[in-house]
Structures are given as structure tokens and as C-alpha cells.
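# What the coordinates show
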Amino acid sequence: MTAPIAIQAETPLQDDVRRLVADLNATMQPLTPPEFQFQLSVEEMAAPGVTTFVARDGTGRAVGMASLKDHGDGLGEVKRMFTLPEMRGAGVGSQLLRRVAALGAEKGLSRLVLETGEAPGFEAAWRVYERNGFAACGAVLDYPDSGYSRFYEKMLVR
């Protein structure tokens, strides 16, 4: 039996979270042209209005992350969602999304949105979003409807 995963809001300005961000970037970069990648830097993840959740295994190792960016007017965005490959299928992504949604509801947000890739290699991400109540939608925020992105939304109950 695997040890439980602990998920807490943490500063992304830590070496192990920086490694997760680097791993996420390395995974995404070959899948989508650079001009259609909309990545927050670790410093942007630490900005006011952004909360980053870090999932840690029983040894304290960072195994996943997700951020909530509050855009105001009841709108939140899921950013920098990532789980280490060896942890996929263990429910870490779903746990992270539940924490993001719970914080969004606590903040009074009514809608969460996200942008992810629209290419082979993103199927696992689509499944985790859809299993957690996100539905495909049209382009959101100021993202271009380029054909390289897939957009999702989830309405929150306050």
C-alpha cells in the first residue's frame, strides 16, 4: 500500500518545486510550438493572486503541483498542473484538482478554466480534467483559439 499524499499550499520558490516546473516544461515543450505555450514561471507562480499546491509523498518528496490564479470577477484558472510520471494513476492529479476547486469555492469563485495542449501526449491530462468535472469549452481569457490548445471549464458551487 502506498503512503498517503499530503497536499498543502506552498511557495513555489523551492528547489524541489522548481524541479517539478522544469520537468513539466521539458514534457510540454516537444508537444506544442513555443508560441502556443503559456507557462507561468516559478516567480509568476509566487505572485499575489496565485496559490500553488504541492503534493508530497510519505517521504516529503514533491510529486505533483497545481496552481490557482485568481483573475477576479469570480473567475479562477488552473495553471501548472503536473504529476511525476511514476505517480500517474495514483490519483494525485485528482487530489490536486479537488484542492484547487475547494480553494476557488472558498474564495467565492464561480468558474474555473484552464488551457492545455491539443496534441498527442495530452490524453492523460484530458482524462483527469474530465473525471474531475471539467467540460471542454471555447477559448478562455486571452488565449488564442489556435488549434494547439484545448480549453476546459468547471462551474463551482458557492
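Coordinates for the structure precede this section.
Residues numbered from 1 in each chain as written. Predicted model: local features only at pLDDT ≥ 70, side-chain atom pairs only at ≥ 80, totals over all residues. Heavy atoms only, no water.

## Focus on the overall build of the protein
- Within the protein, the secondary structure is distributed over 4 helices and 7 strands.
- Of the regular secondary structure in the protein, the N- to C-terminal order runs β-α-α-β-β-β-α-β-α-β-β.
- Against the globule reference of 15 Å for 158 residues, the protein gives a C-alpha radius of gyration of 15 Å, in line with a compact fold.
- By principal-axis analysis of the C-alpha atoms, the protein measures approximately 40 × 40 × 30 Å.
- The burial tally for the protein puts 45% of its 158 residues in the buried class.
- Sequence separation of 24 or more characterises 64% of the internal contacts of the protein that already satisfy a separation of 6 or more.
- Each charge sign in the protein was given a centre, from 17 positive and 20 negative side chains, and these centres are 5 Å apart. (Helix = DSSP H or I, 4+ residues; strand = E, 2+ residues; numbered from the N terminus. Rg over C-alpha atoms; globule rule 2.2 N^0.38 Å. Buried < 20%, exposed > 50% of the residue type's maximum accessible area, 1.4 Å probe, protein only. Contact = heavy atoms within 4.5 Å. Lys, Arg positive; Asp, Glu negative; His and termini not counted. Charge placed at Lys NZ, Arg CZ, Asp CG, Glu CD.)

## Some thoughts on unusual backbone geometry
- Despite not being glycine, arginine 80 has its phi angle at roughly 50°, a positive value.
- Residue placement: arginine 80 occurs in strand 4 (residues 75-83).
- Notably, leucine 141 is not glycine yet its phi reads approximately 50°, a positive angle.
- Mapping leucine 141 onto the fold places it in the loop between strand 6 (135-137) and strand 7 (149-155).
- Assessed through its relative accessible area of 38%, leucine 141 is described here as partly exposed.

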